[in-house]
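# Summary of the model geometry
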Amino acid sequence: MSRWRDTNLLSLLRRLVSEQPAVVQEQRRCFSIAAHHQSSSKTTDRQCISSFITRSQHRGKGSPASAGFRWSSTTPRAAGSGPSSTPVSYKSLGLTVVTGAGLWWYYDSMQRDKMSKVAEQGARTSVVAGKAAIGGDFQLTDDKGKPFHSDALKGAFSLLYFGFTHCPDVCPDELEKIAAAIDIIDAKAPKDMGLIKPVFITLDPERDGVEQIKHYVKEFHPRMIGLTGSTEDVTKVTKAYRVYFTKAGVGEMTGTSTEQDESDYLIDHSIITYLLDPNGTFVTFYGKNYTAEEMAASILDLMRAWKKES
C-alpha cells in the first residue's frame, strides 16, 4: 500500500511540473477568493486544496476516480474492515501543496527577475521613442560675454545641465559627474574627442553674470560652456526643456525663521542632464541615479548608433 501511495504521489508531482502554468493560475484564483472573503481558516484552505485537486483530476484522462487521488479520512477504521479506500494521507497532501507552492514561488521569482532585467536595460538606455516635444532654439550669452545661439551646438553631441552657481551640493556633484563621463568617453573613443560638448545653463541670471559663470564652469571641465542671459531668455529655455525650478529663501528651504535679505536664496530645481545629437535634437536624459560610468556607456552606444545611421 505504501509503495502504491508513493507511486501515485510521484505521478501527481510530475503532473504539477508539467502543468505549472495551470497550477499557478489555480492557486492564484483560490487565494484571491480567500482574500476576498478575508478568511484564512482551515475550512477555506481545505476548500482551496479540494478545488485544486478536483480540477487536476478533470484535466487528466478518464474519470476522477481513475486519477487515483482521493481524500484521506481521519476517521478510525474498524479492525478487519478491509483495505482503506483513502490511500492518500494529509501528510502526503501537505507535501504536494508545499511542492506546488514552491513551483509557484520559483515561477514568480523567474518572472520578477526577467522584468527587473528588462527595466534595468531600459533605464540604462533611456532613449525616448519617437520625437519628444523637448528642446528648441534659444539665444543666450556665453561665458565670454558673446551672444550664443543654440545652432552653435550643432555638429557635436551636447550635454545640457540647468543649475546655479550658488548651489551648495547637487549642482557641483552633477557637473563633476558630467565631466567624469566626458573624460571616460574621450579615453574610450579618442578619435571622437571633442565630439561632445558639456553645457551649463544658469537658472539664476540675477546673480550668475558672465564673470561668475566663466570661473564656475572652468572648475569642472575645460570644454564646459557656461550660459547666462536675461531672466526672460532663461525662462524661455527652461520652458522649452521642461525644467522645473523655483526660488525660495534659505529660511524656507532649511526651515529656519531668520530674516533674509533679497540676495540670500536658493533655487529648487529638477536634476536632469539632457543629451542632444549633432543636429541639436533631444535624444535622451540622465537623472541623478546615473553614475558617470553608466552615462558614458550610454552616450558611447548612442554615438555609435548615430554614426551608423548617418
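Everything quoted here is computed from the prediction, not taken from an experiment.

## Here we look at the overall build of the protein chain
Helix and strand content of the protein chain: nine helices and nine strands. For the protein chain, the proportion of its 310 residues judged to be buried stands at 39%. For the protein chain, restricting intrachain contacts to residue pairs at least 6 apart in sequence, the fraction spanning at least 24 positions comes to 71%. Of the roughly 18200 Å² of accessible surface on the protein chain, a fraction of 55% belongs to carbon and sulfur atoms.

## Looking at the state of the cysteines
Structurally, a disulfide amounts to a covalent bond that connects the sulfur atoms of two cysteines. Scanning the entire structure with this criterion turns up zero disulfides. C167 takes part in no disulfide bond, and the closest cysteine sulfur, belonging to C171, lies 3.1 Å away. What makes C171 buried here is its relative accessible area of 0%.

## Digging into the pattern of salt bridges
Pairs can form between side chains of opposite charge whenever their charged atoms are close. Taken as a whole, this structure holds nine salt bridges when the rule is applied. D192 is paired through a salt bridge with K307; the nearest N and O atoms lie 2.6 Å apart. Of this pair, D192 sits in the loop between helix 5 (170–188) and strand 4 (196–202) while K307 sits in helix 9 (residues 292–309), and the two are 115 residues apart along the sequence. When its relative accessible area of 17% is taken as the criterion, D192 is described as buried.

## Regarding helix 5
Relative to the 27 Å expected for 19 residues at 1.5 Å per residue, helix 5 spans 27 Å between its end C-alpha atoms, a close match to the ideal helical length. Within helix 5 the residues assigned to the buried category are V170, C171, P172, E174, L175, K177, I178, A179, A181, I182, I185 and D186. The inward-facing, buried residues of helix 5 abut strand 3 (157–163), strand 4, helix 6 (210–217), strand 7 (265–269), strand 8 (273–276) and helix 9.

## Points about the packing of aromatic side chains
Going through the model one piece at a time under the given rule, you end up with eight aromatic pairs. Considering the side-chain rings of F162 and Y241, the 5.9 Å spacing of their centres and the 45° angle between planes classify their relative orientation as tilted. With a gap of 79 residues between them, F162 in strand 3 and Y241 in the loop between helix 7 (231–240) and strand 6 (245–249) connect regions that are remote in the sequence. Overall, F162 belongs to the buried group, its relative accessible area being 1%.

## What about the pairing of strand 8?
What you see with strand 8 is no split at all: T273 and L275 on one side and Y274 and L276 on the other are buried throughout. Strand direction decides the pairing type here: strand 3 and strand 8, joined by four bridges, are antiparallel. Bridge assignment links L159 to a residue of strand 8, and that residue is L275. The hairpin turn running from strand 8 into strand 9 (residues 282–286), its antiparallel successor, is five residues long, and G280 in that turn takes a positive phi close to 80°.

## Considerations on unusual backbone geometry
Phi is positive for R242, close to 55°, though the residue is something other than glycine. Mapped onto the secondary structure, R242 falls in the loop between helix 7 and strand 6.

## With respect to the side chain of S298
Take S298: it is sitting in helix 9. Taking the relative accessible area as the measure of exposure, S298 reaches 5% and is therefore buried. A polar side-chain atom of S298 sits 2.8 Å from a polar atom in the side chain of Y286.

## Quick notes on the side chain of S270
Positionally, S270 belongs in the loop between strand 7 and strand 8. The class for S270 is buried, based on a relative accessible area of 18%. Filtering out sequence-adjacent residues up to four positions away, S270 remains in contact with F162, V243 and Y244.

## Observations concerning the confidence of the model for the protein chain
Per-residue pLDDT for the protein chain has a mean of 75; in total, 58% of the residues score no lower than 70. Predicted confidence is poor over residues 1–10, with pLDDT under 50, and the contacts of this stretch with residues over four places away or in other chains come to 13 contacts. A low-confidence stretch, residues 118–128 stays under pLDDT 50, and its non-local contacts, those more than four residues away or across chains, total 16 contacts.

What counts and how
- Residues numbered from 1 in each chain as written.
- Predicted model: local features only at pLDDT ≥ 70, side-chain atom pairs only at ≥ 80, totals over all residues.
- Heavy atoms only, no water.
- Helix = DSSP H or I, 4+ residues; strand = E, 2+ residues; numbered from the N terminus.
- Buried < 20%, exposed > 50% of the residue type's maximum accessible area, 1.4 Å probe, protein only.
- Contact = heavy atoms within 4.5 Å.
- Areas by Shrake-Rupley, 256 points an atom, 1.4 Å probe, with all protein chains shown as cover.
- Disulfide = S-S within 2.5 Å.
- Salt bridge = Lys/Arg side-chain N within 4 Å of Asp/Glu carboxyl O.
- Expected span 1.5 Å × (residues − 1).
- Phe/Tyr/Trp six-rings, centres within 6.5 Å; stacked < 30°, edge-to-face > 60°.
- Pairing = 2+ DSSP bridges.
- Polar contact = N/O pair within 3.5 Å; in protein donor to acceptor, adjacent residues only side chain to side chain.
- pLDDT = per-residue confidence, 0-100.

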